[in-house]
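# Inside the fold
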Amino acid sequence: MAALLALPGPLTPVQAWAQADNPSGLPLPRFASTRSTPINVRVGPGTKYDIAWIYRQSGIPVEIVQEFDTWRKIRDQDGDEGWVHQNLLSGNRAGYVAPVVANGEIALRSGMNDDSGVRARLGAGLRVQIKECDGTWCEVSAAGGDGQRTATYSGFLHQEEIWGVYPDEVFN
């Protein structure tokens, strides 16, 4: 009986319009990352539009804010917007460390609480791969080094201190 109650009913006119206006059927806005390089970000949805800027690195987190056919309007961490083809984006989640305190560092914790040990201190703007989030904490990995050596650190960050995930968003 509970399973029957959980089934969605017919779409309301607003829900039907939203899906018809959204070619992928996925929610908007949503986060994604760049798939390859280079990626031309255009001022409009098509190759006939001028190039606004070029991504020269893959795995950059972006927010998809609009869709038109096979084109996705994206927003970057600075709020700049442009259009890319859907094939140039990936559902892999990445983000940037965004400490609440300007120019601060965030403790990458070994567990999902503030009493867990510190695995590393991550500076503002460091890119992280996001594995999962529970609405409060996200499990991430980050690469860093001293110019001669690099290491990958895995652990947990407060969800609110990552650009690339919404408040209270849950995924795995």
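This brings us to the overall build of the chain. The helix and strand inventory of the chain stands at 2 helices and 15 strands. When the accessible area of the chain is evaluated, it comes to approximately 10400 Å², of which 50% is carbon and sulfur surface.

This paragraph deals with the pattern of salt bridges. Within the structure shown, the criterion is met by 6 salt bridges. In this structure, Arg75 and Glu63 form a salt bridge, with 3.0 Å as the shortest nitrogen-oxygen distance. With Arg75 in strand 5 (residues 71-75) and Glu63 in strand 4 (residues 61-68), this residue pair connects regions lying 12 residues apart in the sequence. Among the residues examined, Glu63 registers a relative accessible area of 8% and is labelled buried. With a closest N to O distance of 3.5 Å, Arg72 and Glu67 form a salt bridge. Side by side, Arg72 and Glu67 carry an identical accessibility label, which is buried. Shared partners join several salt bridges into a network, and the residues in it are Glu63, Lys73, Arg75 and Glu81.

A few words on the packing of aromatic side chains. One pass over the full model with this rule turns up 4 aromatic pairs. Relative to Trp163, the ring of Phe31 has its centre 5.1 Å away and its plane inclined at 85 degrees; by these criteria the two rings are edge-to-face. Of this pair, Phe31 sits in strand 1 (residues 30-34) while Trp163 sits in strand 14 (residues 162-163), and the two are 132 residues apart along the sequence. Comparing Phe31 with Trp163 shows no difference in burial state: the two are buried. Feature note: the residues Phe31, Tyr96, Trp163 and Tyr166 constitute an aromatic cluster, connected by ring pairs.

The final tally for this structure, using the stated rule, is 1 disulfide. Disulfide pairing is shown between Cys133 and Cys138; the S-S distance is 2.0 Å. Its S-S torsion of about 110 degrees marks the bond between Cys133 and Cys138 as right-handed, since a negative value means left-handed. Comparing Cys133 with Cys138, the two get one shared label, buried.

The next subject is the nonpolar core. Nonpolar side chains tend toward joint burial in soluble globular proteins. Of all hydrophobic cores here, the largest spans 15 residues; its most connected members are Leu122, Val128, Ile130, Cys138, Val140, Leu157 and Ile162. Each residue touching Leu157, except ones within four places of it in the same chain, is listed here: Val97, Ile106, Ala107, Leu108, Leu122, Thr136, Trp137, Cys138, Val140 and Ile162. The next biggest cluster of nonpolar side chains, apart from the first, holds 13 residues, and it includes Val41, Tyr55, Val84 and Trp163.

So, about the side chain of Ser90. Positionally, Ser90 belongs in strand 7 (residues 89-90). A distance of 3.0 Å separates a polar atom in the side chain of Ser90 from the backbone nitrogen of Asn92.

The rules behind each value
Residues numbered from 1 in each chain as written. Predicted model: local features only at pLDDT ≥ 70, side-chain atom pairs only at ≥ 80, totals over all residues. Heavy atoms only, no water. Helix = DSSP H or I, 4+ residues; strand = E, 2+ residues; numbered from the N terminus. Areas by Shrake-Rupley, 256 points an atom, 1.4 Å probe, with all protein chains shown as cover. Salt bridge = Lys/Arg side-chain N within 4 Å of Asp/Glu carboxyl O. Buried < 20%, exposed > 50% of the residue type's maximum accessible area, 1.4 Å probe, protein only. Phe/Tyr/Trp six-rings, centres within 6.5 Å; stacked < 30°, edge-to-face > 60°. Disulfide = S-S within 2.5 Å. Core = buried A, V, L, I, M, F, W, Y, C linked by side-chain atoms within 4.5 Å. Contact = heavy atoms within 4.5 Å. Polar contact = N/O pair within 3.5 Å; in protein donor to acceptor, adjacent residues only side chain to side chain.

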